[in-house]
Amino acid sequence: MPVLEQLTTVVVDCADPVALADFYRKATGWELTHSDQDFSSLSAGSAGPGLAFVRVEGYRTPGWPEESAHLHLDFTVPDLDRAVEELLALGASRPAFQPGEGQWVVLTDPQGGPFCLIPATTATD
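This write-up is about the structure you can find in this document. Everything quoted here is computed from the prediction, not taken from an experiment. (Residues numbered from 1 in each chain as written. Predicted model: local features only at pLDDT ≥ 70, side-chain atom pairs only at ≥ 80, totals over all residues. Heavy atoms only, no water.)

**Topic: the pattern of salt bridges**
For the structure on display, the rule yields four salt bridges. The partner of Lys-26 in a salt bridge is Asp-22, with the nearest N and O atoms 3.1 Å apart. Taken as a pair, Lys-26 and Asp-22 lie in helix H1 (residues 17-28) at a separation of four residues, close to a single helical turn. On the basis of relative accessibility, which here comes to 48%, the residue Lys-26 falls in the partly exposed class. When salt bridges that share partners are traced, they join Asp-22, Arg-25 and Lys-26 into one network. (Salt bridge = Lys/Arg side-chain N within 4 Å of Asp/Glu carboxyl O. Helix = DSSP H or I, 4+ residues; strand = E, 2+ residues; numbered from the N terminus. Buried < 20%, exposed > 50% of the residue type's maximum accessible area, 1.4 Å probe, protein only.)

**Digging into the environment of Arg-55**
Tracing the backbone shows Arg-55 in strand E4 (residues 50-55). Judged by its relative accessible area of 27%, Arg-55 is partly exposed. If we skip the residues at most four places from it in the chain, Arg-55 touches Cys-14, Ala-15, Asp-16, Pro-17, Gln-37 and Asp-38. Of the polar contacts made by the side chain of Arg-55, one reaches the backbone oxygen of Gln-37; its length is 2.7 Å. (Contact = heavy atoms within 4.5 Å. Polar contact = N/O pair within 3.5 Å; in protein donor to acceptor, adjacent residues only side chain to side chain.)

**So, the sheet that holds strand E2 (residues 31-35)**
Taken in spatial order, the four strands make up an open sheet running E1-E4-E3-E2, and their pairing is mixed. Since the sheet does not close on itself, it has two edges, and those belong to strand E1 (9-14) and E2, each with one partner. In this sheet, adjacent strand axes meet at a mean angle of 20° when their direction is disregarded. Both E1 and E4 contribute to a ladder of six bridges, which runs parallel. Paired with Thr-9 across the bridge in E4 is Gly-50. (Pairing = 2+ DSSP bridges. Axes fitted to C-alpha atoms, helices over the stretch in contact; angles between N-to-C directions.)

**Examining the pairing of E4**
Across four bridges, strand E3 (residues 39-43) lies against E4 in antiparallel orientation. Opposite Ser-41, over in E4, you have Ala-52 as the bridge partner. Between E3 and E4, which pair antiparallel one after the other, the connecting turn spans six residues, and Gly-45 there sits at a positive phi close to 65°.

**A closer look at the nonpolar core**
Counting residues in each nonpolar core, the largest one holds 21 residues, and the members touching the most others are Tyr-24, Phe-53, Phe-75, Leu-87, Leu-107, Phe-115 and Leu-117. At the level of secondary structure, the elements contributing two or more residues to this core comprise E1, H1, E4, strand E5 (73-77), helix H2 (80-90), strand E6 (105-108) and strand E7 (114-119). In this view, Phe-53 contacts Val-12, Cys-14, Pro-17, Leu-20, Ala-21, Tyr-24, Asp-38, Phe-39, Ser-40 and Leu-42; residues no more than four positions away in its chain are not counted. (Core = buried A, V, L, I, M, F, W, Y, C linked by side-chain atoms within 4.5 Å.)

**Here's the deal with unusual backbone geometry**
Within the chain, Glu-101 stands out as a residue other than glycine whose phi angle is a positive 50°. With respect to the helices and strands, Glu-101 occurs in the loop between H2 and E6. For Glu-101, a relative accessible area of 78% gives the class exposed.

**A closer look at the layout of surface pockets**
Of the pockets and cavities examined, the largest pocket occupies roughly 400 Å³. Taken together, 22 residues make up the lining of the largest pocket; nearest its centre are Asp-13, Tyr-59, Pro-62, His-70 and Leu-71. For the lining of the largest pocket, the elements supplying multiple residues, two or more each, are E1 and H1. Here the lining of the largest pocket takes three residues from E1, the largest share from any one element. Taken together, the residues that form the lining of the largest pocket break down as 11 nonpolar, seven polar and four charged. Its volume calculated, the second largest pocket comes out at about 330 Å³. Among the elements of the structure, H1, E5, H2 and E7 are those that each provide at least two residues to the lining of the second largest pocket. (1 Å grid on protein atoms, 1.4 Å probe; cavity = no way out; pocket = protein on both sides within 12 Å on 5 of 7 lines; lining within 4 Å. Points joined across faces, edges and corners; volume = space filled by probe spheres on them. Nonpolar A, V, L, I, M, F, W, Y, C, P; charged D, E, K, R; others polar.)

Right under this line is the structure:
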C-alpha cells in the first residue's frame with residue numbers, strides 16, 4: 001500500500017502570493033481559502049489539487065526557456081484561442097518560444113512562472 005494517498009495542493013514559490021493567487025483565482029474561478037502577504041491558497045474543490053503560493057525573499061522568476069523551471073502547471077481548456085486571449089487580458093504573457101508544434105500554448109503568469117494550456121480534446125484523446 002502506498003504511503004502517499006492523494007495530492008492535495010501544489011505550492012508555488014513567488015514574490016507576491018496575494019497577487020499571484022488573485023491572477024489564478026480569476027483564471028480558474030477557484031475559491032480563495034487564505035490570503036496574506038506570505039501565503040495564499042486556492043481550492044479547486046472536487047476538481048483536484050488546489051494551488052498555494054508562498055513568498056520567497058529574493059525570488060527570481062525562471063527565465064523561459066533559458067533557465068529550467070522547477071515546475072510548471074498544465075491546464076486543459078475548451079477553447080485554446082479564447083483562453084489565451086482571456087489570460088493575456090488578466091496579465092499573463094506569451095513568450096516567443098513555443099514548443100510542441102502548436103499542440104499546446106505556453107504562457108507565463110504575471111510573476112514569470114510558465115504554465116501550459118492544452119486543448120481539452122487533445123488531453124482526452
